[in-house]
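A closer look at the structure
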Amino acid sequence: MPVASVALLLHLLSMAAAAKAALAMDPAERETLLLVMEAVSSDRDWRSVGPDPCGSPWPGLECKPVPAAGNVSSAAARLHVTRLDFGVAPNPTCKDGAAFPHLAFALPHLQSLFLVDCFKNPAATTAFTLPPSANLTSSRLQQLSVRANPSLSGTLPPQLSSIRSLQVLTVSQNALIRGEVPQGIGELKSLVHLDLSYNSLTGTIPSRIGELRSLVGLDLSYNSFSGSIPGQLGDLAMLQKLDLSSNNLTGGVPATITGLTSLTFLALSNNGLSGHLPAGLSDLRDLQYLIMENNPMGVPLPSELGDIARLQELRLANSGYSGSIPETLGRLASLTTLSLENNNLTGRIPAGLSRLKRMYHLNLSKNGLDGVVPFDGAFLRRLGRNLDLSGNPGLCVDGRAVLQADVGVGVCRRAGDGGDIASVSAATDVLSVGTLFRRDGQLWLAGGRWSALLLIRPVAVALCCSCCLLL
């Protein structure tokens, strides 16, 4: 090879080596990263893994090129740490004595930090603390997820409000995280998702959450929040998911909730809410899930529920609702689940429910409903065990609709003109007197169970004569 060619090759190689060295991780950033890794994980000797963590990325580490100031070319951009994941394989696991990694917030380009199933040593707790607010104002962190850490303890650090770049904040399933939500939470104007579920948080829900106008998802479920639902939540015009279930909330559902016209999921179950649902529910035109079980509402069901056109699941069980089931529910063409069990509902089952072709789960048990169940054999077969009408002594099923389907009620039997009384039941051969009602100008009995082979003419005549005298 000519000398000139060799010289050129050596020159090119030296230029490539210099360029690689120029693009290698900043030494100060590398040292900060090493201190973070050593504080959290002992999976390996991090200092001996390699000189450039971004060159051959470490597990749980993500790097991206960030151009230097004044240089828009990504080709000449140095790699920086943008994401760290700890706790769940293949990411680094957390050692028993792991500390909450304060220094991670000093990584200048970190955008995402995940600590999932990390702090779980039952013999020692780890304090949930953050650096001073002054050290967080320049942070570029967009997503912080601290989830499923049974040994992480303390309160929500008030310094969280200083990370103004946060878009997703998840502090969930940490049973030892207690206390109140800092009022400064309202400073995080860029938040899109806020999940503080499954902790031990107390106090009232901060009204300042209503200032987070970019919020799409809000989950405060499974805590011990008390007091009323702040009306300011109605200012969250972009909100799609609101879950406040399993707390100690009292009072009524604020009327401002009907202003959440982007809402698709609303869960308020397992609280102490009471009173009427607000007028204007039909304005929730995108609502698909309304879950409000186990609240002492103690009022009639509003007919406006039938005007929430896109509703797929309606769960209002065990809430003291009274009166009849609104006929308007038969208009909910998208409804798949209707759960109204263990209330004080009376009257007939609306026939319109039988026309809901997407319905696959219907529970009306433990109420005071009566009359003939308005479902044909095809409907009964389609729902099968997902249909429960038990605990309604006045209900019965038309014998023509019963095709090996046990829906928890007996078969209707006619009582009149001294005719025979017979009903189908494989459960018993003993007569049990049920509720008397009219259908098609004739008297019917509901609520009893009879053997298919049992014909009791004398009793039938006596019953029918007594019925005529009563009428």
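Look up a bit, the structure's there.
In short, a report on the structure. These numbers come from a predicted model, not from an experiment.

Regarding the sheet that holds strand β25 (residues 394-397)
Read across the open sheet, the five strands follow the order β19-β21-β23-β25-β26; overall the sheet is parallel. The strands lining the two open edges of the sheet, one partner per strand, are β19 (322-323) and β26 (410-411). With two bridges joining them, strand β21 (residues 344-347) and strand β23 (residues 368-373) adopt parallel strand pairing. Of the residues in β23, the one forming a bridge with glycine 347 is leucine 369.

Details of the side chain of serine 339
You can see serine 339 is positioned in strand β20 (residues 337-339). A distance of 2.5 Å separates a polar atom in the side chain of serine 339 from a polar atom in the side chain of glutamate 341. Apart from residues lying up to four places away in sequence, serine 339 is in contact with Glu293, Leu314, Arg315, Leu316, Ala317 and Asn363.

Section: the pairing of strand β14 (residues 248-251)
Pairing geometry for strand β12 (residues 226-227) and β14, over two bridges, is parallel. Looking at the pairing, serine 226 lines up with asparagine 248 of β14. Sheet analysis places β14 next to strand β16 (residues 272-273), joined by two bridges and oriented parallel. Counted as the bridge partner of threonine 250 is glycine 272 from β16.

What to know about the state of the cysteines
By definition, a disulfide links two cysteine residues through a covalent bond between their sulfur atoms. Under the defined criterion, the tally for this structure stands at three disulfides. Cysteine 54 shares a disulfide with cysteine 63; S-S distance 1.9 Å. Across the S-S bond linking cysteine 54 and cysteine 63, the dihedral sits near -70°, which makes this disulfide left-handed. We classify cysteine 54 as buried; its relative accessible area is 7%. Residue class for cysteine 63 comes out buried when judged on its relative accessible area of 19%. Across the disulfide from cysteine 396 sits cysteine 412; the S-S distance is 1.9 Å. Here the S-S torsion is close to 90°, and the disulfide linking cysteine 396 with cysteine 412 is therefore right-handed. Taken together, the residues span a long stretch of sequence, with cysteine 396 in strand β25 and cysteine 412 in the loop between β26 and β27 (413-414) at a distance of 16 residues. The same class applies to cysteine 396 as to cysteine 412, namely buried.

Some words on the pairing of strand β8 (residues 176-179)
The two faces of a sheet get side chains in turn, since along a regular strand they alternate between them. Sheet topology places strand β6 (residues 152-155) next to β8; three bridges connect them, and they run parallel. Paired with threonine 155 across the bridge in β8 is arginine 178. Looking at chain direction, β8 and strand β10 (residues 200-201) are connected through two bridges and run parallel. Note on β10: the bridge partner recorded for glycine 179 is leucine 201.

Section: the sheet that holds strand β4 (residues 126-127)
Pairing within the open sheet is parallel, and its four strands lie in the order β4-β6-β8-β10. One side of each edge strand has no neighbouring strand; the edge strands of this open sheet are β4 and β10.

Description of helix α2 (residues 27-40)
Across its 14 residues, α2 extends 20 Å between first and last C-alpha, which sits within 8% of the 20 Å expected from 1.5 Å per residue. Regarding α2, the residues found buried are Glu29, Arg30, Thr32, Leu33, Leu34, Val36, Met37 and Val40. In this structure, the buried residues of α2 make contact with β1 (61-66) and β2 (78-86).

A few points about the packing of aromatic side chains
On inspection of all chains with the given rule, the structure shows six aromatic pairs. Arranged with centres 4.9 Å apart and planes meeting at 45°, the rings of phenylalanine 100 and phenylalanine 128 form a pair that is tilted. Taken together, the residues phenylalanine 100 in the loop between β2 and β3 (112-116) and phenylalanine 128 in the loop between β4 and β5 (143-147) connect sequence positions 28 residues apart. Against the face of phenylalanine 265 rests lysine 241, its NZ or CZ located 5.7 Å from the ring centre.

About the thresholds
- Residues numbered from 1 in each chain as written.
- Predicted model: local features only at pLDDT ≥ 70, side-chain atom pairs only at ≥ 80, totals over all residues.
- Heavy atoms only, no water.
- Pairing = 2+ DSSP bridges.
- Helix = DSSP H or I, 4+ residues; strand = E, 2+ residues; numbered from the N terminus.
- Polar contact = N/O pair within 3.5 Å; in protein donor to acceptor, adjacent residues only side chain to side chain.
- Contact = heavy atoms within 4.5 Å.
- Disulfide = S-S within 2.5 Å.
- Buried < 20%, exposed > 50% of the residue type's maximum accessible area, 1.4 Å probe, protein only.
- Expected span 1.5 Å × (residues − 1).
- Phe/Tyr/Trp six-rings, centres within 6.5 Å; stacked < 30°, edge-to-face > 60°.
- Lys NZ or Arg CZ within 6 Å of the ring centre and 35° of its normal.

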